[in-house]
Amino acid sequence: MSKLVVKGLYKIFGSNPKRGLKLLQEGCSKEQIFRETGLTVGINNANFEVEEGETFVIMGLSGSGKSTVVRCLNRLVEPTAGEILLDGRNILEMDRKELLQTRRTVMSMVFQNFALFPNRTILANTEYGLEVQGVDKAIRQEKAEQALALVGLQGYEESYPDQLSGGMKQRVGIARALANDPEILLMDEAFSALDPLIRSDMQDELIELQAKMKKTIIFITHDLDEALKLGDRIMLMKDGQTVQIGTAEEILTNPADEYVRRFVQGVNRSEVLTAADIMVKPWTTVGINQGPRLALKECKKHGIESILVTKEGMKLAGIVFVDDLIAAIRRGEQTLRNIVRENEVVRVEPDYCVMDLIELTLKSSIPVAVVSEGGRLMGVIVKSSVLRALIPERGDESA
Amino acid sequence: MKVPRLPVGGFFEILVDFVRVTFALPFDWIKVILLWVNEQLVFLLELPPFWLVAIMVAVIAYFLAGKRVALFTLAGLLFIAAIDLWPETIITLSLVIEATLLALLIGIPTGILAAKSDILDRLLHPVLDFMQTMPAFVYLIPAIMIFRMGAVPAVISTVIFAMPPTIRLTNLAIRQVPKELVEAGEAFGSNWFQMLLKVELPQALPTIMAGVNQCIMLSLSMVVIASMIGAGGLGSVVLNGLSNLDVGLGFEGGIAVVIIAIILDRLTQGTRKEKEIAH
Ligand SMILES: Nc1ncnc2c1ncn2[C@@H]1O[C@H](COP(=O)(O)OP(=O)(O)O)[C@@H](O)[C@H]1O
Ligand SMILES: [Mg+2]
């Protein structure tokens, strides 16, 4: 069962929000509703599930409702309609006491602008969640110190937030969230206020931390690169609606609509695409037991100087060159067994990164073969497929 | 054209009369309690000799506001003793302390509630405007009618006069606490009181202290005016000077009031500045 299930979630800001709900269900747009009623649609029918231990990224432009969604999860914002199931239990039906308990022990939040208490020391900030739970002074101090050590901030316990740099402040924010050992971390644009370099470091550290902690993380960002780097799965939002949910690859290679396509366009695709994403079907192959004449004919037909050779079960045997084929025909050989070169052809696995393929394909004049673990030929990569992958498709755009 | 005379004054007369008669018993209790508190304060202030009080206040001033304020405090209080106004000063201070404490005791919680409830905020707004703009003397009249002459009506009218800025600034201070800090407090599961004590009040403290400062200053000015209804203290010195056309006496009383005002102001502002530096 999923850790969190969000079903039919709506949030409409303004007085008498039910009115807006009706208009939405009648198919009015966010703008229409705002013009007619002055109500702001924050979330319009969001549906998603988050699995235990995964990093689920919610991405979208500013104003698309990301913060509102994440605030509905711990009810800092009261949804207008919908269900949020935490381990099967509807958060929206919890009474005040249960809600406090959930906030204290199940979910912790990390904020974009850190939201550290300026009058408290770093240690006291980190202790906050335990303090409101009424945890013993000695125990909470120990746990807070552990959390600070986890984010590399030993020695800063007695400092105040305004003595720290942005990156360090957010480490405190993360330590504060980790100190009460929550099951779910809610991170609302946690790194968006940081400088690019520090931001990248923090992303790496979060990935490292997550490898140890295995928390369920809901991470919000408006930055696609960040989403791709951190997210096991990504949800794209627009105008409060869920546009697409999928892995980084699914979203990149198969954008659900024009909005996603535009979003995806700016990304440095070489970092996320893999060999499997850009390989093409080999134009032609020959079986190792087939004759050199047939192979030569195929080469001539496609204007190529070499041809991939397969064995039984489409396993890759190697490659033969036109020169060798001609010689073999002269010698009167009936199969390709003697002339196939096993090691001339570069083999990569399907999840090989495109970035590294660039060099491989540029160096060799023969295609790179993509083979499965069992050695089966899945496709080939030629120079043109790498280039096409690096340049985002602009075919359907008027420049 | 002659506009018919509206009986507004008559309305207030009836209102005050009604209140006086209906709440006679609780008012008696209030009177007894306030009088008792005032007597204790006077007793405490009269207990040590004037020079010891001057030194103690100067030491407090040193820690709250620094060396210069401490020196001024010592010199100012000794000066007051030297012009023979120490007993009057004690009476004035006792009234200021009592009225300020009472105004803060009511004003700060009211301000907190107003910050948490938009309805209360909207209801209070015109009431506070009314209380603040009404000439201070006017409060003396119903206060005398209900509590007769003396320290008690002085304290009551002073509380009414000095409380509005405390309510206003407390309300404002809490509403100005950054939303993200409140969100953080909430996200970690703070309940109502934890939110108030651990998140909101610490952030709001500098502004609330500004309200306390204003409250004290207004109390002092009102206590001086309240000498007209027999509260005694430095105000009566000025009043005597006025009725006997004794310029010297009038100025002596006036200078003593100014000295007390400066000391109280620096003491409370000093705490504010220090808190601001602390974080
Ligand atoms: N408290 C609020 N009152 C009114 N409208 C709000 C409030 N919070 C957010 N909104 C509106 O809801 C929409 C979604 O906002 P938000 O969730 O903050 O977007 P994001 O985090 O994706 O930038 C925006 O149109 C925003 O103006
Ligand atoms: Mg946001």
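Residue indices begin from 1 for each chain and proceed along its sequence in written order. Following the order in which they are written, the chains are lettered starting with A and the ligands numbered starting with 1. This being a predicted model, a pLDDT of at least 70 is required before a residue's local features are given, and a value of 80 or more before pairs of side-chain atoms are given or counted; all residues contribute to the totals for chains, interfaces and linings. Working from all heavy atoms in the structure, the side-chain values ignore hydrogens and water.

**Examining the nonpolar core**
Okay, so step 1: In plain words, nonpolar cores are sets of buried Ala, Val, Leu, Ile, Met, Phe, Trp, Tyr and Cys residues tied together by side-chain atoms within 4.5 Å. Buried, partly exposed and exposed residues are distinguished by accessible area as a fraction of the type maximum, computed with a 1.4 Å probe on protein chains only: under 20%, between the cut-offs, and over 50%, respectively. In this structure, A:Met187 and A:Phe191 are the most contacted members of the largest nonpolar core, which totals 169 residues.
Okay, so step 2: Looking at this core element by element, the count peaks at 13 residues for helix H10 (residues 192–225) of chain B.
Okay, so step 3: The split into domains, and so the bounds of each, comes from an automatic or database assignment of domains. Structurally, this core is a two-domain feature, drawing no fewer than three residues from each of domain 1 (4–106 + 182–266) and domain 2 (276–389) of chain A.
Okay, so step 4: Whether two residues are in contact is decided by their heavy atoms, any of which lying within 4.5 Å being enough. With sequence-adjacent residues up to four places away left out, A:Met187 is seen in contact with A:Val110, A:Ile174, A:Leu206, A:Ile217, A:Ile218, A:Phe219 and A:Ile220.
Okay, so step 5: By size, the runner-up hydrophobic cluster in this structure holds 17 residues, among which are A:Ile288, A:Cys299, A:Ile304 and A:Ala328. We count a stretch as a helix when DSSP gives it H or I for four or more residues in a row; a strand needs E for two or more, and each element gets its number in order from the N terminus.

**Quick word on the packing of aromatic side chains**
Okay, so step 1: Any two of the Phe, Tyr and Trp rings considered here, Trp counted by its six-membered ring, make a pair once their centres fall within 6.5 Å; the pair's planes then place it as stacked at under 30 degrees, edge-to-face at over 60, or tilted in between. Following the criterion strictly, the structure yields eight aromatic pairs over all chains and no others.
Okay, so step 2: Their ring planes at 55° and their centres at 5.4 Å tell us that A:Phe191 and A:Phe219 sit as a pair that is tilted. Taken as a pair, A:Phe191 in the loop between strand S7 (184–188) and helix H8 (196–213) and A:Phe219 in strand S8 (residues 216–221) lie far apart in primary sequence, 28 residues in all.
Okay, so step 3: Given the relative accessible area of 0%, A:Phe191 is considered buried.
Okay, so step 4: Ring centres 6.2 Å apart and planes at 65° place the aromatic pair B:Phe23 and B:Phe27 in the edge-to-face group.
Okay, so step 5: With relative accessibility at 17%, the residue B:Phe27 sits in the buried group.
Okay, so step 6: Positioned above the aromatic ring of A:Phe117, the side-chain terminus of A:Arg176 is 5.3 Å from the ring centre.
Okay, so step 7: Lying across the ring of B:Trp192, B:Lys116 places its NZ or CZ 4.9 Å from the centre. Sitting over a ring, as applied to charges here, requires NZ of Lys or CZ of Arg to be within 6 Å of the ring centre and within 35 degrees of the ring normal.

**Thoughts on helix H14 (residues 322–331) of chain A**
Helical geometry: 3.6 residues make up each α-helical turn, so side chains three or four residues apart lie on a common side.
Residues and elements named next belong to chain A.
Okay, so step 1: Taken together, the buried positions of H14 are Val 322, Asp 324, Leu 325, Ala 328 and Ile 329. Looking down the long axis of H14, one finds its buried residues gathered within 155° of arc, a one-sided arrangement. Seen from the buried face of H14, the exposed residues on the opposite side, beyond 90 degrees, are Asp 323, Arg 330 and Arg 331.
Okay, so step 2: In this fold, the buried residues of H14 make contact with helix H13 (292–302), strand S12 (306–310) and strand S13 (316–321). The directions considered for the arc are those from the helix axis to the C-beta atoms.

**What to know about the site of ligand 1**
All names here are of chain A.
Okay, so step 1: Whether a residue is near a molecule or strand depends on its heavy atoms: it is near if one of them lies within 4 Å of it. Near ligand 1, the surroundings consist of Phe 13, Lys 30, Thr 40, Gly 42, Leu 61, Ser 62, Gly 63, Ser 64, Gly 65, Lys 66, Ser 67 and Thr 68.
Okay, so step 2: Between ligand 1 and the protein, one listed contact pairs an oxygen atom with a side-chain N or O atom of Ser 67 at 2.7 Å.
Okay, so step 3: Two N or O atoms count as a polar contact when they lie within 3.5 Å, although within protein this holds only if one can serve as hydrogen donor and the other as acceptor, and sequence-adjacent residues are included solely when both atoms are side-chain atoms. In this structure, Thr 68 approaches ligand 1 through a side-chain N or O atom, which is 2.4 Å from an oxygen atom.
Okay, so step 4: Summarising the interface, the protein chains cover 61% of the accessible area of ligand 1, which totals 560 Å² for the free molecule.
Okay, so step 5: Secondary structure elements with two or more residues in the shell around ligand 1: strand S2 (40–50) and helix H3 (66–73).
Okay, so step 6: Its residues assigned to classes, the shell around ligand 1 comprises two nonpolar, eight polar and two charged. Using a 1.4 Å probe, accessible areas were evaluated by the Shrake-Rupley method; residue-level cover was limited to the displayed protein chains. As a working rule, the residues Ala, Val, Leu, Ile, Met, Phe, Trp, Tyr, Cys and Pro are called nonpolar, Asp, Glu, Lys and Arg charged, and the rest polar, with Gly in that last group.

**Observations regarding the domain arrangement of chain A**
Okay, so step 1: You can read the domains of chain A as domain 1 (4–106 + 182–266) and domain 2 (276–389).
Okay, so step 2: For domain 1 of chain A versus domain 2 of chain A, the distance between C-alpha centres works out to 46 Å.

**Quick look at the interface of chain A and chain B**
Okay, so step 1: Taken together, the contact pairs 26 residues of chain A with 17 residues of chain B.
Okay, so step 2: Here chain A meets chain B over a buried area of about 1900 Å², counting both sides, of which 56% is carbon and sulfur.
Okay, so step 3: Accessible area, probed at 1.4 Å, shrinks when two parts are joined; the buried area is that loss added up over both. Taken as a group, A:Phe117, A:Asn119 and A:Tyr128 account for 24% of the area that chain A buries against chain B, more than any other trio of residues on that side.
Okay, so step 4: Only one rule defines a salt bridge in this text: a Lys or Arg side-chain nitrogen within 4 Å of an Asp or Glu carboxyl oxygen. The tally of links between chain A and chain B comes to three salt bridges.
Okay, so step 5: Here A:Arg71 and B:Glu183 are joined by a salt bridge, their closest N and O atoms 2.5 Å apart.
Okay, so step 6: The interface formed by chain A and chain B includes seven residue pairs in polar contact (both at pLDDT 80 or more).
Okay, so step 7: Here the side of chain A that touches chain B is composed, by residue class, of twelve nonpolar, six polar and eight charged.

**Comments concerning the sheet that holds S2(A)**
All names here are of chain A.
Okay, so step 1: Taking strand neighbours across the sheet as the criterion, the four strands line up as S2-S1-S4-S5 in an open arrangement whose pairing is antiparallel. Two strands close off the open sheet at either side, each with one partner strand: S2 and strand S5 (89–90).
Okay, so step 2: In this analysis an axis means a line fitted to C-alpha atoms, helices contributing only their contacting stretch, and an angle means the value between N-to-C directions, from 0 to 180 degrees. Contacting strand S1 (4–13), S2 and strand S4 (81–86), helix H1 (residues 17–25) crosses the sheet at an angle of about 110° to S1.
Okay, so step 3: On top of the sheet, H3 reaches S1, S2 and S4; it is set at about 120° to S1, its chief contact. In short, DSSP must find at least two bridges between two strands for them to pair.

**Things to note about the environment of A:Pro350**
Residues and elements named next belong to chain A.
Okay, so step 1: You can see Pro 350 is positioned in the loop between strand S14 (347–348) and helix H15 (354–363).
Okay, so step 2: For Pro 350, a relative accessible area of 22% corresponds to the partly exposed category.
Okay, so step 3: Residues Pro 350 and Asp 188 lie 162 residues apart in sequence; the distance between their C-alpha atoms is 34 Å.
Okay, so step 4: Leaving out residues up to four positions away in the same chain, Pro 350 has contacts with Thr 274, Ala 275, Ala 276, Val 370, Val 371, Ser 372 and Met 378.

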